[in-house]
Number of protein chains: 2
Amino acid sequence: MPRAARVSQDQILAAAAAEFAERGFAGARVDRIARRARVNKAMLYYHFTSKQQLYRTLLRRSFTLASTRLRAIADGNAAPADKVRDAIAAFASLIREHAFLPSMMLREVADAGVHLDRETLAALAGVPRAFAAIVAEGVASGAFRDVDPLSAYLTIIAPVIFFHASAPIRQQLGAMHLMSGTAAADFVDHVQESVQRAFAPDRPLRRSTR
Amino acid sequence: MPRAARVSQDQILAAAAAEFAERGFAGARVDRIARRARVNKAMLYYHFTSKQQLYRTLLRRSFTLASTRLRAIADGNAAPADKVRDAIAAFASLIREHAFLPSMMLREVADAGVHLDRETLAALAGVPRAFAAIVAEGVASGAFRDVDPLSAYLTIIAPVIFFHASAPIRQQLGAMHLMSGTAAADFVDHVQESVQRAFAPDRPLRRSTR
DNA sequence: GTCTATACTTCGATAGAC
DNA sequence: GTCTATCGAAGTATAGAC
């Protein structure tokens, strides 16, 4: 692919990510995406079939990346508690790299996935699947109490996503003196610590040799 | 207010709640709201000034109700751990009564609160404020370890909202054999249990007399 | 209070020149 | 590959009869 085309495509994807995160699929305006990408609308439609395809491309890439990284952690040989710690850190890292993800995820969840095709939905499902493998391993080995893997996933991913996506509204409430602030790093620490305690078995085992 | 008007207004509010929850503010169509309410569009604009006012009215009512109930729990004389339990149960109850809330909250958080006026934002802020009072009391009395009240709130409200709002997409993933299911009651139990463990002090105190 | 009809605007997408 | 101009559909909101 020629360099110029690649540049345009990346500009469009970055602009679309920002627009979709801020406004959602229905609220996003193709004109605004083109303007933000500094290309005209016809150029956008030259590279991408439709608003929907642009949207799907963005999410599919992120889901695949998240899934790959999480699977690598799950397949490692660390203790389950450490894998969970690493998984939470991995979510936080991914969000730092793909700042549009939290907002887009909240919106797509609320939209029941209607904008996603089969392939993108499958990529999405790979994330909880990989995380659940970690939890199941920990439960089986006695490192965790008997927690439901999917519930465990949701109690972790929801706060992390929600915290990041809610930064703007929390900032606004802060400016109105209606809410105090919490730093992102402190929040991730809180989740890390809370999850370790929440998953710990009633009579903690001595860490087994591996 | 005449009975007929009241009926129309309630029909419109109920229809709007469903439409906004399914599609979000930008995706919601006034025509669809009117059709769902079985009134025509002019009737809707007779009772409500605009799509936006309808939206705000819905959320302000829910926020105020949530805030009132939570404040009642916070002001009670139960032990902090029990107040937290009651608060989580109260969130679950409110959601059962206002099924549109989880989805609308996710969307509004992603939208940074742009559709809300000052009054509605203040009502929203009352919810974490009331919950934080419970946590602060528990931390002060030694019933909880030193958790940040706002972080504590987010780690509870996010999973509860996310779980409910994600029911449709999880069901779809289940139908595609990409994810297994979890019952709502089981999930609330998981949150209850996890939070008690996450908040517990390192050396649990004997329950103090009051 | 309730309706039909429609004004006015904005959007996604495309045509066609270069 | 990139542009300007524009089409047709769909949206919010209102006018005005009853």
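Starting from 1, residues in each chain are numbered consecutively following that chain's sequence as written. Written order determines the labels here, with chains lettered from A and ligands numbered from 1. Only residues with pLDDT of 70 or above have their local features reported here, since the model is predicted, and side-chain atom pairs are shown and tallied only from 80 upward, although totals for entire chains, interfaces and linings are computed over all residues. Think of the side-chain values as coming from all heavy atoms in the structure, minus any hydrogens and water.

## With respect to the interface of chain B and chain A
Then, in step 1: The contact rule is simple, with two residues in contact once any of their heavy atoms fall within 4.5 Å. Across the contact, 55 residues belong to chain B and 55 residues belong to chain A.
Then, in step 2: In this assembly, chain B packs against chain A so that about 4700 Å² is buried in total across both faces, 69% of it on carbon and sulfur atoms.
Then, in step 3: The term buried area refers to how much accessible surface (probe radius 1.4 Å) is lost by two components on association, counted for both of them together. Interface area lost by chain B to chain A is led by Val109, Phe162 and Arg197 of chain B, which between them contribute 14%.
Then, in step 4: Put simply, a salt bridge is a Lys or Arg side-chain nitrogen that is within 4 Å of an Asp or Glu carboxyl oxygen. Between chain B and chain A we count four salt bridges in total.
Then, in step 5: A 3.5 Å cut-off defines polar contacts: any pair of N or O atoms within that distance qualifies, except that in protein one atom must be a possible hydrogen donor and the other a possible acceptor, and neighbouring residues in sequence count only when both atoms are side-chain atoms. Taken together, the connections running from chain B to chain A amount to 14 residue pairs in polar contact (both at pLDDT 80 or more).
Then, in step 6: A run of H or I in DSSP counts as a helix once it spans at least four residues, and a run of E counts as a strand once it spans at least two, with each numbered from the N terminus. Elements with a minimum of two residues in the side of chain B that touches chain A: helix H1 (3–27), helix H6 (101–110), helix H7 (118–141), helix H8 (149–165), helix H9 (167–175) and helix H10 (184–199) of chain B.

## Concerning H7 of chain B
Then, in step 1: When the terminal C-alpha atoms of H7 of chain B are compared, their 35 Å separation across 24 residues agrees well with the 34 Å that a helix rising 1.5 Å per residue should span.
Then, in step 2: In the segment just after H7 of chain B, Gly142 of chain B is the residue with positive phi, at about 85°. To estimate the expected span of a helix, count its residues, drop one, and scale the result by 1.5 Å.

## Focus on the packing of aromatic side chains
Aromatic rings in a pair are described by how distant their centres are and how their planes are angled relative to each other.
Residue and element names in this part refer to chain A.
Then, in step 1: Paired rings are identified among Phe, Tyr and Trp, the last through its six-membered ring, by centres lying within 6.5 Å, and are further divided according to the angle between planes into stacked (under 30 degrees), edge-to-face (over 60) and tilted (the rest). Scanning the entire structure with this criterion turns up 16 aromatic pairs over all chains.
Then, in step 2: Taking 5.4 Å as the distance between ring centres and 65° as the angle between the ring planes, the aromatic pair formed by Phe144 and Phe199 counts as edge-to-face. Separated by 55 residues along the polypeptide, Phe144 in the loop between helix H7 (118–141) and helix H8 (149–165) and Phe199 in helix H10 (residues 184–199) bring together distant segments of the chain. Assigned by exposure class, Phe144 and Phe199 land together as buried. Exposure classes here rest on a 1.4 Å probe applied to the protein chains alone. A residue is buried below 20% of its type maximum, exposed above 50%, and partly exposed in between.

## Some words on the domain arrangement of chain A
All names here are of chain A.
Then, in step 1: When cut into domains, chain A gives domain 1 (1–49) and domain 2 (57–199).
Then, in step 2: Each domain's extent was defined by an automatic or database domain assignment. Computed from C-alpha coordinates alone, the two centres of domain 1 and domain 2 are separated by 27 Å.
Then, in step 3: Around 750 Å² of area is buried between domain 1 and domain 2 when both sides are counted, 71% of it from carbon and sulfur atoms.
Then, in step 4: Inspection of the region where domain 1 meets domain 2 yields zero salt bridges.

## Some words on the nonpolar core
A general tendency of soluble globular proteins is for nonpolar side chains to be buried together.
Then, in step 1: Core analysis: the largest hydrophobic core is formed by 148 residues, its most contacted members being Phe20 and Phe199 of chain A together with Phe20 and Phe199 of chain B.
Then, in step 2: Non-local contacts of Phe199 of chain B, meaning those with residues more than four positions away in its chain, are made with Val84, Val135, Ala143, Phe144, Arg145, Val147, Ala152 and Ile156 of chain B. The definition of a nonpolar core used throughout is a set of buried Ala, Val, Leu, Ile, Met, Phe, Trp, Tyr and Cys residues joined through side-chain atoms within 4.5 Å.

## Side note on unusual backbone geometry
Then, in step 1: Residues other than glycine seldom take positive phi values, yet Ala112 of chain A does so here, at roughly 60°.
Then, in step 2: By the secondary structure assignment, Ala112 of chain A is in the loop between helix H6 (101–110) and H7.

## Here we look at helix H5 (residues 80–97) of chain B
Helical geometry: 3.6 residues make up each α-helical turn, so side chains three or four residues apart lie on a common side.
Then, in step 1: Taking 1.5 Å of rise per residue, 18 residues should cover 26 Å, and H5 of chain B covers 25 Å from first to last C-alpha, within 8% of that figure.
Then, in step 2: Of the surrounding elements, those touching the buried residues of H5 of chain B are helix H4 (51–74), H6, H7, H8 and H10 of chain B.

## Considerations on a positive patch on the surface
Then, in step 1: For patch detection, residues must exceed 30% relative accessible area and be free of salt bridges, and they are connected within 9 Å for like charges or within 5 Å for nonpolar side chains (Val, Leu, Ile, Met, Phe, Trp, Tyr). Surface accessibility follows the Shrake-Rupley procedure with a 1.4 Å probe radius. Residue values consider only the protein chains on display as shielding. Positive charges come from Lys and Arg alone, negative charges from Asp and Glu alone, with His and the N- and C-terminal ends not counted. For charged residues, the charge sits on one atom: NZ in Lys, CZ in Arg, CG in Asp, CD in Glu. A surface patch of positive charge is lined by Arg23 and Arg29 of chain A together with Arg23 and Arg29 of chain B.
Then, in step 2: If you trace the backbone, Arg29 of chain A turns up in the loop between helix H1 (3–27) and helix H2 (30–37).
Then, in step 3: Residue class for Arg29 of chain A comes out partly exposed when judged on its relative accessible area of 39%.

## Structural notes on the relation of the copies chain B and chain A
Then, in step 1: Between chain B and chain A, the superposition needs a rotation of 180° and an axial shift of 0.0 Å, giving an RMSD of 0.0 Å. Such values leave the two copies arranged in the relation of a two-fold axis.
Then, in step 2: Looking at the interface residues of chain B, 100% of them are also at the interface in chain A, so both copies use one shared face. Copy-to-copy alignment: least squares on C-alpha atoms, limited to residues at pLDDT 70 or above in both.

## Considering the layout of surface pockets
Then, in step 1: Buriedness of a pocket was judged along seven lines, with at least five required to meet protein on both sides within 12 Å; pockets are open sets of points on a 1 Å grid over the protein atoms alone, cavities are sets where a 1.4 Å probe fits but cannot get out, and lining residues have an atom within 4 Å of a point. Grid points are joined across faces, edges and corners, and a volume is the space filled by probe spheres set on the points. In this structure, the largest pocket occupies an estimated 950 Å³ of space.
Then, in step 2: Lining the largest pocket are 47 residues, and of these Arg23, Gly24 and Arg107 of chain A together with Arg107 and Asp111 of chain B sit closest to its centre.
Then, in step 3: Of all the secondary structure elements, the ones that give two or more residues to the lining of the largest pocket are H1, H6 and H8 of chain A together with H1, H6 and H8 of chain B.
Then, in step 4: Residue contributions to the lining of the largest pocket peak at nine residues, all from H1 of chain A.

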